[in-house]
Protein chains: 2
Amino acid sequence: MTESPASYTDVLIIGAGPSGLMAAYWMARCGVNARIIDKRGTKVFTGQADGLRPRTLELLDSIGVVHRVLHEACEAAEFSFWGPGEDGRLERQEQHPIHDVNASPFGNCLLNQGRIERFILDAIKDCSDLEVERGVIAESLEYDETLESSGDVYPITVTLRTLSEEEASPSSTGGSGGVRNGLFRSNITPDDWDDLIKKSKERPGNVETVKAKYLIGCDGAHSWTRKQLNIPFEGSTTEHIWGVVDMVPITDFPDIRRVCTVATDHGTLLVIPREKQLVRLYLPLQAVDGTLASLDRSSITLDMIRQKAKQMLKPFDFDFKICDWWTVYQVGRRLASNFTKGRIHLAGDAIHTHSPKAGLGMNMSMQDGFNIGWKVALVAKGIARASILATYELERKRTAQMLIDLDRRLQPLFVKAQEGDSAESAAPSNGKETLVDVIQLSIAFSNGYVCHYGPSSLVHKGGEDIAANLIPGERFPPAKIRNQADGRAWWTTRLFTGDGRFRIVLLAGDLRREDQRQRVVTFSAHLASAGSVLQRYRSEGEKLDSLIEVITIHSAPVREMDFFDFPEMLRLFDQERGWAYDRIWSDDECLWDRQSTGKAYGSWGVDRIRGALVILRPDQHIGWVGNIEDVDGMTGYFEQILVPITA
Amino acid sequence: MTESPASYTDVLIIGAGPSGLMAAYWMARCGVNARIIDKRGTKVFTGQADGLRPRTLELLDSIGVVHRVLHEACEAAEFSFWGPGEDGRLERQEQHPIHDVNASPFGNCLLNQGRIERFILDAIKDCSDLEVERGVIAESLEYDETLESSGDVYPITVTLRTLSEEEASPSSTGGSGGVRNGLFRSNITPDDWDDLIKKSKERPGNVETVKAKYLIGCDGAHSWTRKQLNIPFEGSTTEHIWGVVDMVPITDFPDIRRVCTVATDHGTLLVIPREKQLVRLYLPLQAVDGTLASLDRSSITLDMIRQKAKQMLKPFDFDFKICDWWTVYQVGRRLASNFTKGRIHLAGDAIHTHSPKAGLGMNMSMQDGFNIGWKVALVAKGIARASILATYELERKRTAQMLIDLDRRLQPLFVKAQEGDSAESAAPSNGKETLVDVIQLSIAFSNGYVCHYGPSSLVHKGGEDIAANLIPGERFPPAKIRNQADGRAWWTTRLFTGDGRFRIVLLAGDLRREDQRQRVVTFSAHLASAGSVLQRYRSEGEKLDSLIEVITIHSAPVREMDFFDFPEMLRLFDQERGWAYDRIWSDDECLWDRQSTGKAYGSWGVDRIRGALVILRPDQHIGWVGNIEDVDGMTGYFEQILVPITA
């Protein structure tokens, strides 16, 4: 056995699923020295998670790939509720459009996880050399807590082992005529991490010791990282086995291309239309007595799923010949008691599991990775204080808890009342709520319009009187605004690129009024002064906007203002590139896009004359809201977060 | 010298610029045995053509790449006219939005030719193994006219020679500090084709004889193919030298990020904003005495262009430090007297040259390639009659002539009156027209909303009383319609995929009315009958929609109809894939896209109750319009075009 000397990396990410890749994106984009490993030899290609919520699409817009998602994905345009009518026959009971254009540029859409991972991988490649090291497993983890607060040290030691090709390629072919299934990743199958390490040790393998400053564990529900940290994964597994199948349906059920719940005597079926003529079905297969020991695994076949679907969709005909992927799972509803231990953070399924029925798993995981990623990146680069890392658990644990609560409320509505899992099925409300109620109530949460991040160094609450709907902790409500220099209409989700910078968004109000113009001039003069955050946190040789970008959105019509009417600090001059034309915008109606433009100030609850001042974090969440005069409040925000520059 | 025996290909394309690649796309998509060669060793990366018009974007939508263009391109949102005010100082005189949402889903945008070629190359790769053979030149062409009408024969013989790497890589670096320039491709530089062949012959090269059924020459203004055919290239070269530069401006000219014409005493400057902070300028550099012999080539430098721009933009400051590309050219306004000789067709600059100021060069070339491509592909596959090839020259020559006329009218408006090229500058109208007039008048033509294709076997005029705005020969006016099965809103430009199929578009009207439902049932019964074009032109083993796809667009709200209300022939059943959910659409308003939906019947001039019947060619141009009862007219259209199936 040969061991090479230890190598060093600032950040090590274990697991290259949606959460790990999102975290890796930030390392790539911010130029952090990082590595990312995955035990599987290849990425996933079919099946797995598939639903993308508006907020996730907004994040994908900020990293420049949403156009590819929208091109390939299946938009879920409408939602139908089916159930027995008075004659007992299945009938459509309600139908709703899904996309609320006033809430997000994006609706809901479906695309397999493999493609989404591909797009994030491409975004990583576009800005760095960071590559996923596949077929690599971690086999030991040491964490030296005594070094935790020492800054530029490597308290984490991980031993990595390169697997053989065979070990890294689990069989994904089940018994059903070569159709790929996901049983090997299912939670009814035991985890193979320990086995892989054991087997791999029997041959002279490539073993490497890596020392890291930070570690992000994104290694799934069976998380090896979580186990090394002895972090409890609390909750329970319910008694129902569920089936999932991606297939091309042959049916006369009229809403097979709409998102549907179909309530029947045999439980509730969930229908999700997908790309390439595929439709996904989720269906309750059987109740299992307490533990999985009682489950006859050989009984779980694609045909079992087919028969159940046929039964549930009666009197409509249903069958399929083309099946792309299928799996079965048991609902495990668990939450890690900690998301963080010192410099080690967990994300994605490693910290929360739940049923896929809320269609949120991949979204939550990507949002976890997005949240921890920029924080670790800025701290690893020495830009932000290490104290901001504590906000990760604060912010994401509450969200994860809300998700699990939602899932718990949905569960009894999907299985037959008499089969409902006894202990857990008691709905937190009066037990009489219907699926329609729960789904309608949870839309803002599910779609990611609200997330309830609490107060912290990164979230200063307040400012309700200045901007009623710009709530610190929440995402900046997207708007389509017009560029002052060229007249183009752009979504803020794309404008506020995920490049690791904070943003001061100056909602400048109406500069046609002299008093308001004077307020903006005074603010700009402050930005130019030696005491402004732009000047104070600027590293030697760096540009004035390298860490904090100032974006102005005024409320006068584009035609009545000129780019050069705005103070120079708002449109920074560059010796080589001239004026920054992408900094001055207007909440002006656009002749060729009336539906989406000219309404931003109103939707933000901001006075069109007086405007407001907003700080956005790199993830487009609102950090602080104040008046244009409140430069002290603005400065104070950054003082808590950023590392002072030492001359 | 070694010569291998002749190889055979159905279609040979010479030149892999925008027109050649568009033609190649059809070969790839339709599965035609084809080859495409280019004398250059690498594709272009910077500079060249840049403007994309709405019609071109519609075509790019039909081949599935427009989302990539829109993501990277710079949208040209507004157009400004600048000129001297009463005090002689430059001022903005007019400003107009560019995108007319009622005319096209797309506005105008700018992106360098290299990226556009990349997207078409990717579209080709997605459906075939066809690759551009680079660094390959044609050195002889023989055409055996006696074989012309003999069907499955190879009347064309071309000798190809593989160039050395050095020969295939012309220096693109000028004298100005390593900035890439386009002088080697400029029309003030002599063509190097003959030189390349001569030099290449001196070494033992790889020579190959290729026999082809069809040849498409897309080899630029100096077209070698055109010369072999002795086709006159008529017109003249004007006396002005023009400069073009792509640079990042440093200026206080307020509209530098808008499309502008700036009229000055020194002629008119054209400003075109581009991607990556670049701006392109077109400017008149100097009058040359008659022939290029009088031109001092060493005087043409980047600095000459810089100084001229500074002078023209006074009193505004102007300069640049970053230059991406520059070139100079002389306006050559020429039209080939024939576009076709037997089985050989020419496309793009090989048949028309003009100034780039109308911003149409690349668009016209791509549209040429798109037009000839599908025709040659369907004929080469034995699906369509060879007689349809004659429509290429008929359709594209008139368009090219219109382009040259437009360019001729624009020219005198761009140079100083006293310097205007004498013979040509006489505007066809009264000479008093202004730039604003000409541009406004030519918008429908420039944007590609009208093209005036004349009557032919592919264009049966008529039907004005049935659909006032569906004019045979013109493109199908795009509309956003809703899918009956899933409720999604889609543009017709994407729905009518460029896959080589004709389409019968059944504008089914309002099926809530029994009389109208009966008309549609009768029509569908005809489709099912043995005499229908679907049945008659179906090859053995092929699906019923493999050559002609039927798309239904009805006018009732989606909610008031059901997918299964429509006759089976309109939603063909497939044994493996079930019902074709992508065939039934509605001109229904969409809650989340009110601006673009629910107006299609009105814009087409079609009665919402009675509907109409439309035949679309594979390029989305209208071939025929009739009443739903007029199955004879519909059948007659296809009888003239398609090759009967022999049992």
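Position numbers for residues start from 1 in each chain and track the written sequence from start to end. For this description, chains carry letters from A and ligands carry numbers from 1, given in the order in which they are written. Restriction of local features to residues with pLDDT of at least 70 applies here, the model being predicted, together with a cutoff of 80 or more for giving and counting side-chain atom pairs; totals for whole chains, interfaces and linings are based on all residues. To get the side-chain values, take all heavy atoms of the structure and skip hydrogens and water.

The name an unreviewed UniProt entry assigns to chain A is Phenol 2-monooxygenase, from the organism Aspergillus turcosus. UniProt positions are given in the numbering used here, feature names are shortened, and annotations may be inferred rather than shown by experiment. Of chain A, the UniProt comment under Sequence similarities (unreviewed entry) reads exactly: "Belongs to the PheA/TfdB FAD monooxygenase family."

Student: Could you give an account of the UniProt feature "domain: Phenol hydroxylase-like C-terminal dimerisation" (unreviewed entry) in chain A, naming the residues involved and the relevant values?
Tutor: Residues annotated by UniProt as "domain: Phenol hydroxylase-like C-terminal dimerisation" (unreviewed entry) correspond here to residues 452–644 of chain A. What counts as a helix is a DSSP run of H or I of at least four residues, what counts as a strand is a run of E of at least two, and both are numbered from the N terminus. Annotation note: span residues 452–644 of chain A, helix share 20%, strand share 20%, distance between end C-alpha atoms 30 Å.

Student: Let's hear about the domain arrangement of chain A: which residues, and what values?
Tutor: All names here are of chain A. Segmentation of the chain into domains, including their bounds, is taken from an automatic or database domain assignment. Partitioning chain A into domains gives domain 1 (6–75 + 106–234 + 333–411) and domain 2 (474–640). Each partner contributes to the interface: domain 1 provides 19 residues, whereas domain 2 provides 18 residues. We define a salt bridge as a side-chain nitrogen of Lys or Arg found within 4 Å of a carboxyl oxygen belonging to Asp or Glu. Across the domain 1-domain 2 interface, the total number found is 2 salt bridges. One salt bridge connects E395 with R617, and the closest N-O pair in it is separated by 2.6 Å. Any two residues whose heavy atoms approach within 4.5 Å are treated as being in contact.

Student: Explain the interface of chain B and chain A to me, and be specific about the residues and the numbers.
Tutor: Each partner contributes to the interface: chain B provides 52 residues, whereas chain A provides 52 residues. Each of two parts loses accessible area, computed with a 1.4 Å probe, when they are put together; buried area is these two losses added. Each partner contributes to the roughly 4800 Å² buried at the junction of chain B and chain A, and carbon and sulfur atoms together form 49% of this total. Considering only the surface of chain B that becomes buried against chain A, B:H71, B:R577 and B:W592 emerge as the three largest contributors, covering 16% of it. Inspection of the chain B/chain A interface yields 4 salt bridges. Here A:E78 makes a salt bridge to B:R559, at a shortest N to O gap of 3.9 Å. Broken down by secondary-structure element, the contributors of at least two residues to the side of chain B that touches chain A are α3 (66–72), β4 (74–76), β6 (90–97), β12 (233–251), β16 (318–336) and β25 (578–579) of chain B. Of the residues assigned to the side of chain B that touches chain A, the class counts are 20 nonpolar, 13 polar and 19 charged. Amino acids are sorted into nonpolar (Ala, Val, Leu, Ile, Met, Phe, Trp, Tyr, Cys and Pro), charged (Asp, Glu, Lys and Arg) and polar (every other residue, Gly among them).

Student: Pulling in residues and values, what's your account of the pairing of strand β14 (residues 267–273) of chain A?
Tutor: Residue and element names in this part refer to chain A. Of all 7 residues making up β14, 7 are buried, and the element is well covered by its neighbours. Each pair of strands is called paired provided DSSP finds at least two bridges between the two strands. Sheet topology places strand β13 (residues 259–264) next to β14; 5 bridges connect them, and they run antiparallel. The residue bridging T264 from the neighbouring strand is G267, located in β14. Here β13 folds back onto β14 in antiparallel fashion, the turn holding 2 residues. Per-residue accessibility, obtained with a 1.4 Å probe over protein chains only, is compared with the maximum for each type, and a residue is labelled buried under 20%, exposed over 50%, and partly exposed between these values.

Student: Report on the relation of the copies chain B and chain A, specifying residues and quantitative values.
Tutor: The copies were overlaid by least squares, fitting only the C-alpha atoms of residues that reach a pLDDT of 70 or more in each copy. When chain B is fitted to chain A, the best match, at an RMSD of 0.0 Å, comes from turning it 180° and sliding it 0.0 Å along the axis. The symmetry that links the two subunits is that of a two-fold axis. Interface overlap between copies is the fraction of interface residues in one copy that are interface residues in the other; for chain B against chain A it reaches 100%, indicating a shared surface.

Student: Explain the pairing of strand β22 (residues 502–509) of chain A to me, using residue names and the numbers behind them.
Tutor: Residues and elements named next belong to chain A. Extensive coverage of β22 is indicated by the burial of 8 of its 8 residues. Along β22, one buried face is formed by F502, I504, L506 and A508 and the opposite face, lined by R503, V505, L507 and G509, is buried too. As defined by bridge partners, β22 adjoins strand β23 (residues 548–554) across 7 bridges and the pair is classed as parallel. The partner of G509 across the bridge, within β23, is H554. As paired strands, β22 and strand β27 (residues 612–616) are joined by 5 bridges and run antiparallel to one another. Note on β27: the bridge partner recorded for I504 is I615.

Student: Got a sec to walk through helix α13 (residues 514–528) of chain B? Specific residues and values, please.
Tutor: Residue and element names in this part refer to chain B. Multiplying 1.5 Å by the helix residue count minus one yields the expected span of that helix. Spanning 15 residues, α13 covers 21 Å between terminal C-alpha atoms, matching the ideal 21 Å at 1.5 Å per step. Among the residues of α13, Q516, R519, V520, F523, S524, H526 and L527 are the ones counted as buried. Looking straight down α13, one finds that the buried residues subtend no more than 155° of arc, so they occupy a single side. In this structure, the buried residues of α13 make contact with β22 (502–509), α14 (533–536), β23 (548–554), β27 (612–616) and α16 (631–641). In this context, the arc is that of the directions from the helix axis out to the C-beta atoms.

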